[in-house]
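# Residue-level structure breakdown
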Amino acid sequence: MKRAIQLVVAGVFRLLLLLRYRTRITGLAELNDRRGILFVASHPALIDPVIVLSHLWPQFQPRPMLFESWFHSRWISWLPGLMKALPIPDSGELDRSPQAQTELKNRSEQAVRTISAGLGSGENFILWPSGRIRRGRHEVLGGSRSTSDILREQPDLKIVLLRTRGLSGSSFSCARSSELPSLLAIFRQGFFTALKNLVLFTPRRDVEIQLEEVQVSELPGIKREVLNPYLERQLDGSTLEPGTHVPYHFWDGLLGTGEPRHEFEPAPLETLDAESLTGIAENLRDGVADAIQELRPELPRERCLAPHATLDSLGLDSLDRTELVLALEQRFSHRSTGTPTTVGALWLLADGREQSKDVAPPPPDGWNRPRRRSGAVQLEGATLPEALWNAARRGPGDFAVADDLSGGLTYERFLVAVQLFADRLRAQTQSEHIGILLPATAAVDLLIFAVHAAGRTPVILNWTTGPKNLHHAVDVMEIEHVVTSKAFVSRIETGDLGANFLFLEDVRQSIGSLQKIRTLLRTKWFPGAVRRRFAERDPHDPAVILFTSGSEKAPKAVPLTHHNILSNLRGVLGSYEVESNDVMLGFLPPFHSFGFTLTVMLPLLCGCRAVHHPDPTDANAIAKKLTAYGATILCATPTFLGYLLQQATPEDLKTLRWAVVGGEKCPEALFEKFRAMVPHGHLLEGYGVTECAPLVSCTRPGMAEGGTMGKPLLGVTTRVVDPDSLESVSTGEPGMLLVGGPSVFPGYLDYDGPSPFVEIEGERYYVTKDLVVDDQNGTRHFAGRLMRFLKSGGEMVSLPAIEAPLTREFPPDDQGPQLAVEGIESPRRIVLFTRAELDTAEANRIVHDAGLRGVLRVDEVIRLDAIPVLGTGKIDYKVLKHRLERGA
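Residues numbered from 1 in each chain as written. Predicted model: local features only at pLDDT ≥ 70, side-chain atom pairs only at ≥ 80, totals over all residues. Heavy atoms only, no water.

Looking only at helices and strands, the chain has 28 helices and 34 strands in total. For the chain, the residues scored as buried account for 55% of the 888 residues in total. Across the chain, the fraction of contacts at a sequence separation of at least 24, relative to all contacts at a separation of at least 6, is 69%. For the chain, the accessible area works out to roughly 38200 Å², and carbon and sulfur atoms hold 54% of it. (Helix = DSSP H or I, 4+ residues; strand = E, 2+ residues; numbered from the N terminus. Buried < 20%, exposed > 50% of the residue type's maximum accessible area, 1.4 Å probe, protein only. Contact = heavy atoms within 4.5 Å. Areas by Shrake-Rupley, 256 points an atom, 1.4 Å probe, with all protein chains shown as cover.)

Quick look at the structure:
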């Protein structure tokens, strides 16, 4: 019965195809044995598998090898099963974790074994080894290993080359453009074209299927390095096929209307613009070449350094490319937004400048409609959930947050999603703390409140510090479940966390339509009941647990209470004008306290909008998103803002009112560039620490911008004291900064070190261990970290003081910091680590010219390919210190 259905389906397809294609087969008579054949086919267009199978099925019943995604399409999932297709694992571009790649390789090997066994028992198979439709005039197999692997398993198989000619230039091909055509658009056009031609009068395209048996003994070898070039030549045939235009209407070409039938040169593959590759550092080029040669050590070095060399021409198949991109992402800390195809594209990835042709998804419909309430934003409530509820009550239909995956969420939809996720978290978790391991997305915003609605406390995990510190955080907080996504966790290195992953993709699939409708109706009709679903919390209970950056010591758990965070936000609103129509562009990771409070909580709880982007280094996409959503405010570290200003144009930035930078000292060059590109806006520099929720002080519009910490926020109390005596210092004298007020955290969790607080005149202050100087105008200037001091000859040596004049001469560029100073006391060794061309004599000349003498000098210079930085963009002094301590 199934055989009859298969023949009927094949016949129906042949009849339908006859309306547009006139097909003939050559070489069929020369095939003596028609069992146990591996058809190796060219792939000129998306339609050729359908044409080939419909014509070969009655005689050969060849089992097609198709990517697994074909089996998941709801429109054609029935067809692969009917034709006994063999699923081949996709390349795994979205999941690059070592575990996923191992699984992918195992499934690929299992597929090869299945094919080998089938061929041995007389089954026929058809393979498109290129794995994609042809671009240009040549068939390209590149590093494809499928044919080679099958030959290794079944060395005596019968191979029949299958060339399909006549489809180059059709709407299913890439002949007119190197871009992949849209099937939906083609089918829509084809339907109306058939109607216009009264179906039977549609002009037909001539298609030829050429069959040619190849003896295994004629092959140059079975290794893909020699086999694939041979198959490429054979599949191209003796003459290269031009593109052919066949009219779409029977009257085209008549009476001067339409285009007549003609041949044309297929569109060439697009290549990288040479100008885009300027400024790529030599160490980045060498790093990419090293990564390629780790996969293919036999490749000559010069080929691995050729920018226009395609990865196909280097013999890298999809698995190799996936492994390569993953290695480069982890080494250079830049995420790939696409699929690099050339060595030059890998350079751009390593440099954080990967070219993206994608246009930013447009904002959701209604994004720019007037808010229900205009004017200054409001912050009402004693806890985060209460403040969210009040913001939602003021404008339930107003947009709250948006990103590329979720689109736009109104406050009402946001509350519905929070309840749905809270139900799942409550059912699947028991421990007090739930970890969140995600970049800046709307999902993070949802999860924070879903965790609260489930009666738990969210712990935001920092993946940039490595598996050891991740495991430390999970262990300290006794976390049993970590919420993340499969697509994200595949790109980072987590090691064995000691906790179970809850994947967003699985949670979403477990939520039924009926539950969604019920929750939506409850939110609309019974808002009081929804409000009660949020667990009652004391304002002084932890609202979130973050971790210190660990730039100089192991990360410590910092609980920030509802009162801490809301007090800090009220201080921000008391110092700056934030309007309900403002749009916050948030790309700082949520584990960064600056990002958590300013780019997540402020817009959500105060009633303006936020749009998120998950990768702070993806400056090109951020610039497009800024333009598309009309962002008016952004918060960033100077490093990430530098990336953005390098890629953006003044037109992209025209909606910005102000930007705030923090987390590291902002170089004057960045202020100058911002003023040139955004003359109507303000770049404000702030100072904050995680323990203070985090903002302590900041410059204001109209104040001198650049080089200062500004003035404390409203509600924040500070003292500048002598580090030893704790006595207040005079204006103009450096001293240690103490911070008090309601935004200061209650104390570290699971911590047995010295107290981070001191009490002066009955008030408790947090000891920042940062040195500052107040000028005559009350403006504060950062003077370095107390912890980064060494004692030499009985005198305290400030490493930041030595580093500052050197940084002025060699400021951070688009590759990050150019230098850092670190040292050890016994024996004294103060080292300048640098990417710049700088020796000890020149470094000390710069320090001397800055007025520093005696013990304030550099003892040694060490050249590095890159200065180590944390995920926040700060210099990772801990890595440099460790290098010195071990004598390196």
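Now for the pairing of strand β19 (residues 609-612). Here β19 shows no split at all, with R609 and V611 on one side and A610 and H612 on the other all buried. In this structure, strand β10 (residues 399-403) lies alongside β19, joined through two bridges in parallel fashion. For A402, the partnering residue across the bridge sits in β19 and is V611. As paired strands, strand β18 (residues 583-586) and β19 are joined by four bridges and run parallel to one another. Pairing of G586 across the sheet is with H612, part of β19. For the crossover from β18 across helix α22 (residues 593-606) to β19, the handedness is right-handed. (Pairing = 2+ DSSP bridges. Right-handed = clockwise from strand over helix to strand, strands pointing away.)

It is worth spelling out the packing of aromatic side chains at this point. Applying the stated rule across the entire model yields 16 aromatic pairs. Between Y748 and Y751 the ring centres are 4.9 Å apart and the planes differ by 65°, which places this aromatic pair in the edge-to-face class. Put simply, the rings of F745, Y748, Y751, F757 and Y766 pair up and form one aromatic cluster. When the ring centre of W367 is taken as origin, the NZ or CZ atom of R609, which lies over that ring, is 5.1 Å away. The ring of F757 is capped by R764, whose NZ or CZ atom sits 3.8 Å from the centre of that ring. (Phe/Tyr/Trp six-rings, centres within 6.5 Å; stacked < 30°, edge-to-face > 60°. Lys NZ or Arg CZ within 6 Å of the ring centre and 35° of its normal.)

So, about unusual backbone geometry. With glycine set apart, most residues show a phi of negative sign, and most peptide bonds adopt trans. A cis amide bond links A693 to the next residue, P694, at an omega of -10°. Along the polypeptide, P694 turns up in the loop between β22 (682-688) and β23 (695-698). For A693, which is not a glycine, the phi torsion comes out positive at approximately 75°. Given the relative accessible area of 0%, A693 is considered buried. Phi is positive for L726, close to 65°, though the residue is something other than glycine. Topologically, L726 is positioned in the loop between β25 (717-721) and β26 (735-740). Using a relative accessible area of 28% as the deciding quantity, one classes L726 as partly exposed.

With that out of the way, let us pick up the pairing of β10. Along any regular strand, the residues point their side chains to alternate faces of the sheet. Summarising burial for β10: five of the five residues are buried, a large majority. In textbook terms, the turn of a hairpin is the stretch between consecutive antiparallel strands, and for β10 and strand β11 (residues 407-410) this stretch comprises three residues.

The mixed open sheet is built from nine strands, whose spatial order is β11-β10-β19-β18-β20-β21-β22-β23-β24. Edge positions in the sheet fall to β11 and β24 (711-712), since each of these pairs with one other strand and no more. Pairing between β22 and β23: three bridges, direction antiparallel. By the bridge assignment, G686 is partnered in β23 with C698. On top of the sheet, helix α24 (residues 638-647) reaches β20 (633-636), β21 (658-661) and β22; it is set at about 125° to β20, its chief contact. (Axes fitted to C-alpha atoms, helices over the stretch in contact; angles between N-to-C directions.)

A surface patch of nonpolar side chains, about 630 Å² in accessible area, is lined by L198, V199, L200, F201, F250 and W251. In this fold, F250 is placed in the loop between β8 (243-245) and β9 (262-264). (Patch = residues over 30% accessible without salt bridge, like charges linked within 9 Å, V, L, I, M, F, W, Y side chains within 5 Å. Salt bridge = Lys/Arg side-chain N within 4 Å of Asp/Glu carboxyl O.)

All right, on to a negative patch on the surface then. A cluster of acidic residues, E432, D475, E478, E480, D750 and D752, forms a negative patch on the protein surface. Within the secondary structure layout, D752 lies in the loop between β26 and β27 (757-760). For D752, a relative accessible area of 78% corresponds to the exposed category. (Lys, Arg positive; Asp, Glu negative; His and termini not counted. Charge placed at Lys NZ, Arg CZ, Asp CG, Glu CD.)

Moving on, we get to the nonpolar core. Ranked by internal contacts, the top residues of the largest apolar core, which has 141 residues, are F449, M601 and L605. Among the elements that make up this core, the one with the highest residue count is helix α15 (residues 442-453) (10 residues). With residues up to four places along the chain from it excluded, the contact list for L605 reads Q378, L379, L384, A387, L388, A391, R394, F449, L566 and L569. Counting residues in each nonpolar core, the second largest holds 26 residues, with L28, I47, L162 and I186 among its members. (Core = buried A, V, L, I, M, F, W, Y, C linked by side-chain atoms within 4.5 Å.)

Here we take up the packing of helix α14 (residues 411-428) against α15. It is the contact of α14 with α15, at a shortest axis distance of 8 Å, that shows an interaxial angle of 55°. Taken together, the axis directions place α14 and α15 in an arrangement best described as oblique. Considering the relative orientation of α14 and α15, their crossing is right-handed. Contact with α14, carried on its side by F414, A417, V418, F421, A422, L425 and R426, involves D445, L446, L447, F449, A450, V451 and A453 of α15 and no other residues of that element. In the contact of α14 with α15, the residues fall into 12 nonpolar, no polar and two charged. (Parallel < 35°, antiparallel > 145°, perpendicular 65-115°, else oblique. Left-handed = near helix turned anticlockwise from the far one by under 90°. Nonpolar A, V, L, I, M, F, W, Y, C, P; charged D, E, K, R; others polar.)

The next subject is the sheet that holds strand β5 (residues 125-127). As summarised here, the arrangement of the seven strands in space is β1-β7-β6-β2-β5-β3-β4, forming an open sheet in which the pairing is mixed. Single-partner strands in this sheet number two, and they are β1 (21-26) and β4 (86-88). Neighbouring strand axes in the sheet, compared pairwise and without regard to direction, differ in orientation by 25° on average. Of the pairings in the sheet, the one linking strand β6 (residues 158-165) to strand β7 (residues 205-214) comprises seven bridges and is antiparallel in character.

Another aspect to go through is the pattern of salt bridges. Here the structure, examined in full by the defined rule, presents 32 salt bridges. In this structure, the salt-bridge partner of E412 is K524, at a minimum N-O distance of 3.1 Å. Taken together, the positions of E412 in helix α14 and K524 in helix α19 (residues 513-525) put the pair 112 residues apart, joining distant regions of the chain. The exposure class of K524 is partly exposed, given its relative accessible area of 43%. Between R426 and D423 there is a salt bridge whose closest N-O contact spans 3.3 Å. Placement of the pair is R426 and D423 together in helix α14, with a separation of three residues, close to one helical turn. Residues joined in a network through salt bridges with shared partners are R63, K84 and E123.

Looking at the chain as a whole, the pLDDT averages 85, with 89% of positions reaching at least 70. Low pLDDT, under 50, characterises residues 92-96; the predicted model gives this stretch 22 contacts beyond four residues in sequence or across chains. (pLDDT = per-residue confidence, 0-100.)

Next up on the list: the side chain of D652. Along the polypeptide, D652 turns up in the loop between α24 and β21. At 3.0 Å, the side chain of D652 forms a polar contact with the side chain of T627. Not counting residues up to four positions away in its chain, the partners in contact with D652 are A623, L626 and T627. (Polar contact = N/O pair within 3.5 Å; in protein donor to acceptor, adjacent residues only side chain to side chain.)

It is worth spelling out the environment of Y748 at this point. Inspection of the secondary structure assignment puts Y748 in the loop between β26 and β27. Separated by 190 residues in the primary sequence, Y748 and V558 place their C-alpha atoms 5.2 Å from one another. Separated by 2.6 Å, the side chains of Y748 and E691 make a polar contact.

In this section: helix α2 (residues 48-60). For α2, built from 13 residues, the straight-helix expectation of 18 Å at 1.5 Å per residue is met to within 8% by its first-to-last C-alpha distance of 17 Å. Remark: the principal bend of α2, roughly 30°, maps to S54, with a proline, P58, within the next four residues. Summarising burial for α2: 10 of the 13 residues are buried, a large majority. Three or more residues of α2 are buried, namely D48, P49, I51, V52, L53, S54, H55, L56, W57 and F60. Immediately beyond the C-terminal end of α2, within one or two residues, lies Q61, with a positive phi of roughly 45°. (Expected span 1.5 Å × (residues − 1). Bend = angle between axes of the 7 residues up to and from the residue.)

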